[in-house]
Amino acid sequence: MTRTIVALALCALAPLVAQAGGLQVLVLDKEGKPVQDAVVALVPSGGGAPRTPLPTRVTITQEKMRFQPPVSVVAVGARGNFVNNDPWTHHVRASPAGALEFNSSAGGFDLLIDGKPDNKPARSAEATFDKAGPVLLGCHLHASMRGHVYVSDTPWAALTGPAGSASFDAVPNGPVFVRVWQADQLIAVPPSQMVLTDAPAKATVQLTVVPRRRRV
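Every value quoted in this text rests on a predicted model; they were computed, and no experiment measured them. (Residues numbered from 1 in each chain as written. Predicted model: local features only at pLDDT ≥ 70, side-chain atom pairs only at ≥ 80, totals over all residues. Heavy atoms only, no water.)

1. Notes on the overall build of the chain
Per the secondary structure count, the chain includes one helix and 16 strands. Taken across its 216 residues, the chain has 40% of its residues classed as buried. For the chain, restricting intrachain contacts to residue pairs at least 6 apart in sequence, the fraction spanning at least 24 positions comes to 67%. When the accessible surface of the chain is summed, it comes to about 12,100 Å², and 57% of that surface belongs to carbon and sulfur atoms. (Helix = DSSP H or I, 4+ residues; strand = E, 2+ residues; numbered from the N terminus. Buried < 20%, exposed > 50% of the residue type's maximum accessible area, 1.4 Å probe, protein only. Contact = heavy atoms within 4.5 Å. Areas by Shrake-Rupley, 256 points an atom, 1.4 Å probe, with all protein chains shown as cover.)

2. Details of the pairing of strand β7 (residues 90-96)
Two elements, β7 and strand β8 (residues 109-113), share five bridges in a ladder whose sense is antiparallel. Residue pairing in the sheet places V92 in a bridge with L111 of β8. Here β7 runs beside strand β10 (residues 133-139); their pairing, made up of five bridges, is antiparallel. Looking across to β10, one finds that P96 is bridged to V135. (Pairing = 2+ DSSP bridges.)

3. Observations regarding the pattern of salt bridges
Per the counting criterion, the structure on display carries six salt bridges. The partner of R79 in a salt bridge is E126, with the nearest N and O atoms 3.0 Å apart. Taken together, the positions of R79 in strand β6 (residues 78-84) and E126 in strand β9 (residues 123-129) put the pair 47 residues apart, joining distant regions of the chain. The exposure class assigned to R79 is partly exposed, which follows from its relative accessible area of 30%. Of the charged contacts in the structure, one is a salt bridge between D184 and R212, with a shortest N-O distance of 3.0 Å. With a gap of 28 residues between them, D184 in the loop between β14 (174-181) and β15 (192-196) and R212 in the segment after β16 (201-206) connect regions that are remote in the sequence. With relative accessibility at 17%, the residue D184 sits in the buried group. For R212, a relative accessible area of 68% gives the class exposed. (Salt bridge = Lys/Arg side-chain N within 4 Å of Asp/Glu carboxyl O.)

4. So, the nonpolar core
Counting residues in hydrophobic clusters, the biggest one holds 22 residues, and the most contacted among them are L23, V40, L42, F168 and M194. When residues of this core are traced back to their parent elements, those giving at least two are β1 (20-28), β2 (39-44), β13 (165-172), β14, β15 and β16. Excluding anything up to four places from it in sequence, F168 contacts G21, G22, L23, V40, L42, W156, A157 and A158. (Core = buried A, V, L, I, M, F, W, Y, C linked by side-chain atoms within 4.5 Å.)

5. Some thoughts on the side chain of D86
When you line up the elements, D86 lands in the loop between β6 and β7. The side chain of D86 is buried and forms no salt bridge, while R66, the nearest opposite charge, is found at 8.2 Å. Engagement of the side chain of D86 in a polar contact is seen with the backbone nitrogen of K64, the distance being 2.7 Å. Excluding its chain neighbours within four sequence positions, the residues that come into contact with D86 are Q62, E63, K64, M65, G115 and K116. (Lys, Arg positive; Asp, Glu negative; His and termini not counted. Polar contact = N/O pair within 3.5 Å; in protein donor to acceptor, adjacent residues only side chain to side chain.)

Note that all results are geometric; they support no functional claim without further evidence.
Spelled out as structure tokens, the structure:
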């Protein structure tokens, strides 16, 4: 009797398990090398949401004339906390990345943040990322500074790691669109479509550029 109950319970769970599979997306550059810090965004036809939601808050530091992390992925409406760890002032500016970057008509924000005083906490300022899409970060005072925040309109979004891949668990079965964004890929990569089952799946997307190396 006990075995029968266990068997029935497993049968009841089986359809739930089969409704979602895993997907690994590999992003390569024009030369076939893995690309780190590319954004992979999925749009499953079944909707749903990942087990781990996208951040609604992100901290971006300015240190040694760089934005850290250089690329972040957040949900629409996320708050960004900009912390200046440099001893000099930064005038952070943000605008939609692309043809109209840093054009006042395109929107964005400006944050004037004083330098960090000796033996005192760093100064900071906050802003809201209220529109979906890639956001370019810069500094009015230091033209070499560049960073990006990708504001995702889908909860299924992640950055690629050093090996160039981003992994997603429990993606709903059925058709799914795969979008890839990378800061140096100025001409958008067309989204691809695939059909997921309960079996693990893999996909590869190749850029048409070789991204510039980040300063270390």
